[in-house]
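# Structural characterization, general
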Amino acid sequence: MTLMKDSFHGALPPPSEVAKANMDSTREKEEAGLQSVSRTGAVVPRKRAVGRLVMHSMAMFGREFCYAVEAAFVTPVLLSVGLPKNLYSLVWLISPVLGFVLQPVVGSASDNCTCSWGRRRPYILGLGIIMLLGMALYLNGDVMISAFIGERDKQRTWAIVITMLGVVLFDFAADFIDGPIKAYLFDVCSHQDKEKGLHYHALFTGLGGALGYLTGAVDWGQTVLGYSLISEFQVIFFISALVFIICLTVHLRSIPEVPLLYENEETKFLLEVTESYKYSSIEEEIRNGYLKSTCTEIKAPAEPGKCAVTSRTEDQRRMTLKSLLKTLLSMPSHYRYLCVSHLFGWMAFLSNMLFFTDFMGQVVYQGSPYAPHNSTLYLTYKAGVEMGCWGLCINAISSSVYSYVQKILLPYIGLKGLYFVGYLLFGLSTGLIGLFPNVYSTLALCSLFGVMSSTLYTVPFQLIAEYHREEESLKLQNGEQAVEQGRGKGIDCAALTCMVQLAQIILGVGLGLLVIVAGSVVTVISASTVALIGCCFVAFCVRYVE
């Protein structure tokens, strides 16, 4: 039996009693500030303190720190366990393929998650645990296998399997986690705080990357930790895991989420209404249709005097792959154009970054990785690789600095100007490096890589926030409820993040062959060409909200 509106009103305490309870309850007063509900039904999050936004950004710091460690150590680890060359491409392709296929599914699932802890944080925690597991496997796989298997041939085989599994799991989770983090920010922040939060994300992304590269440059074998643990890889794992766990914990405790909806508990339902939406005005909210949009159905329970709130059905909550693809294909054209521009940007950026240290060793320093390890050519190549790591460190630091410069430039040139400048400067800098390879000029131009990095981490997601804000405003003008139905922020952020995986797939299939044929110089030339094409796409095809 379904309760009618009058029956539901009758089941509620008198407004005077509720008002008195609100006045007496300090906790309710504090929690009521989490977000406010306008009379039109739109949920407007409260302005967040800078400290909360910084805490929220710590996840990006930890993620990028671990990413930098992987970039510095994954190749030596794979070489040390004896991975055959013909399996290299397989290692780098599995993760982006999985991510490209599953990212929208996870985004849609988080949009519809009814966990009492919130919609995004359960997924962020789960992906964080997978990151730690992957890092543990690829940095400690050889030692773990040696402890359980004594036969040398089996040791080598299983060490390769475990290390490859660790790399795939880490890349998969580290790429995946960005979407829920951005959606979490969008859910709990006002429009102004979303912009601030994205800038803090870019700032801490750069700082995390810089410290990660510096951590990889330290000779930990000569330290106390190096003497205490078995190998340098274990020291690196200990430091990386500690940093990531602290950052993830701070992030998850940063800003509370309001659950999508509570199930089958009257007390939780009333708590949601009283604490978050001011219970004294519940009758007005029912008239405005807010509760109708929050709870799909209110059913009379078996026990008199109690009401149970039921969630949407399993069929509604679980989006099938077919309907998910239909949702993605039905995205407005300006969303699809933004995804294409993001794809161009990441193709350009990754084609340069993945092969940059090799470019420094072979083209700038004129060394050879194929020469005997005691030869001058190989030692020269190794020196170039080390200098390339310093260039990547410069890139990470400049990314952090530019995230603040963006805030200054935004009122003057807008998002379109920031987007265009990021692609243009990156295209010009990589082109100059390819045409005039020199140590000092290359290191100087590495600072412009950070402009592109900061742009990719902020501007596209700011545009997503602008699009959603515009859609919500149009709904409110038409008298509709500003609630997520069908395609939400999570799936839009996931679709944007999918472009990173697609870029990795395209580069993994095509760029490797070009490097074999033409050498490492082709990477920076390709990066410059793609960035300049993307520059034109950003200027003429991407839609900007006035």
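Residues numbered from 1 in each chain as written. Predicted model: local features only at pLDDT ≥ 70, side-chain atom pairs only at ≥ 80, totals over all residues. Heavy atoms only, no water.

## So, the overall build of the protein
Looking only at helices and strands, the protein features 22 helices and four strands. Summarising the internal contacts of the protein: among those between residues at least 6 apart in sequence, 80% fall at separations of at least 24. When the accessible surface of the protein is split by element, carbon and sulfur atoms take 64% of a total near 24,900 Å². (Helix = DSSP H or I, 4+ residues; strand = E, 2+ residues; numbered from the N terminus. Contact = heavy atoms within 4.5 Å. Areas by Shrake-Rupley, 256 points an atom, 1.4 Å probe, with all protein chains shown as cover.)

## A few points about the packing of helix α19 (residues 376-435) against helix α22 (residues 521-540)
Running from amino to carboxyl end, α19 crosses α22 at an angle of 155°, the nearest separation of the two axes being 8 Å. Considering their axes alone, α19 and α22 lie roughly antiparallel with respect to each other. The handedness of the crossing between α19 and α22 comes out as left-handed. Only V521, V524, I525, A527, S528, A531, L532, G534, C535, V538 and A539 of α22 make contact with α19, whose side of the interface consists of K416, Y419, F420, Y423, L424, F426, G427, T430, G431, I433 and G434. (Axes fitted to C-alpha atoms, helices over the stretch in contact; angles between N-to-C directions. Parallel < 35°, antiparallel > 145°, perpendicular 65-115°, else oblique. Left-handed = near helix turned anticlockwise from the far one by under 90°.)

## Observations regarding the nonpolar core
Among the nonpolar cores identified, the biggest contains 117 residues, and Y419 and L463 are the most heavily contacted of them. The biggest single contributor to this core is helix α20 (residues 439-477), with 15 residues. With residues near it in sequence (within four places) discarded, L463 still touches L338, L415, Y419, V542, R543 and Y544. (Core = buried A, V, L, I, M, F, W, Y, C linked by side-chain atoms within 4.5 Å. Buried < 20%, exposed > 50% of the residue type's maximum accessible area, 1.4 Å probe, protein only.)

## Focus: the confidence of the model for the protein
Any residue range with low pLDDT should be treated as having predicted coordinates unsuitable for detailed reading. Of the residues in the protein, 73% have a pLDDT of 70 or more, and the chain-wide mean is 75. Every residue in residues 15-42 is under pLDDT 50, and counting partners more than four places away or in other chains gives 49 contacts. Across residues 482-486, confidence stays below pLDDT 50; counting only partners more than four residues off in sequence or on other chains, it has eleven contacts. (pLDDT = per-residue confidence, 0-100.)

## Some remarks on a nonpolar patch on the surface
Taken together, the side chains of V97, L98, F100, V101, L102 and V105 make up a nonpolar region of the molecular surface, amounting to roughly 420 Å² of accessible area. Considering the arrangement of structural elements, one finds L102 in helix α5 (residues 88-111). (Patch = residues over 30% accessible without salt bridge, like charges linked within 9 Å, V, L, I, M, F, W, Y side chains within 5 Å. Salt bridge = Lys/Arg side-chain N within 4 Å of Asp/Glu carboxyl O.)

## What about the packing of aromatic side chains?
What the rule picks out here adds up to 14 aromatic pairs. Considering the side-chain rings of Y67 and F170, the 6.0 Å spacing of their centres and the 90° angle between planes classify their relative orientation as edge-to-face. Of the two residues, Y67 sits in helix α4 (residues 50-80) while F170 sits in helix α7 (residues 152-176), which places them 103 residues apart along the sequence. We classify Y67 as buried; its relative accessible area is 16%. (Phe/Tyr/Trp six-rings, centres within 6.5 Å; stacked < 30°, edge-to-face > 60°.)

## Thoughts on the packing of α7 against helix α8 (residues 178-188)
Two numbers describe how α7 lies on α8: the axes approach to 4 Å, and their chain directions differ by 20°. Judged by the angle between their axes, α7 and α8 are roughly parallel. Side by side, α7 and α8 meet where A174, D175 and F176 of the first sit next to D178, G179 and P180 of the second. The class makeup of the residues in the contact of α7 with α8 is three nonpolar, one polar and two charged. (Nonpolar A, V, L, I, M, F, W, Y, C, P; charged D, E, K, R; others polar.)

## As for the pattern of salt bridges
If you walk through the whole model with that rule in mind, you get six salt bridges. In this structure, the salt-bridge partner of E64 is R63, at a minimum N-O distance of 3.7 Å. Take E64 and R63: they sit in the same class, and that class is buried. The closest approach of N and O atoms between R543 and E470, which form a salt bridge, is 2.8 Å.

## Concerning the state of the cysteines
In a disulfide, the sulfur atoms of two cysteines are held together by a covalent bond. Summed over all chains, the structure comprises zero disulfides. The cysteine C66 is free of any disulfide, with C247 supplying the nearest cysteine sulfur at 8.2 Å. You can call C66 buried: its relative accessible area is 0%. With no disulfide of its own, C541 has C536 as its nearest cysteine by sulfur position, at a separation of 9.2 Å. Residue classification places C541 among the partly exposed positions, given a relative accessible area of 31%. (Disulfide = S-S within 2.5 Å.)

## Re the environment of E232
Among the secondary structure elements, E232 is positioned in helix α11 (residues 232-252). Considering only alpha carbons, one finds E232 and G216, 16 residues apart in sequence, at a separation of 10.0 Å. Other than its neighbours up to four places away in sequence, E232 contacts V218, D219 and W220.

## Section: unusual backbone geometry
Even without glycine at this site, Q366 takes up a positive phi of about 60°. Tracing the backbone through its elements, the reader meets Q366 in the loop between α18 (356-364) and α19.

## Side note on the environment of F176
Looking at the element boundaries, F176 is found in helix α7. Classification of F176 as buried rests on a relative accessible area of 1%. For the pair F176 and P104, spaced 72 residues apart in the sequence, the C-alpha separation amounts to 9.8 Å.

## Let's talk about the environment of Y335
Looking at where Y335 falls in the secondary structure, it is placed in helix α17 (residues 333-353). We classify Y335 as buried; its relative accessible area is 0%. Residues Y335 and L496 lie 161 residues apart in sequence; the distance between their C-alpha atoms is 8.8 Å.

## What to know about the side chain of Q406
Here Q406 is to be found in helix α19. Take Q406: its relative accessible area is 0%, and that puts it in the buried class. Beyond its immediate stretch of four places on either side in the chain, Q406 contacts H199, L418, S454, T455, T458 and V459.

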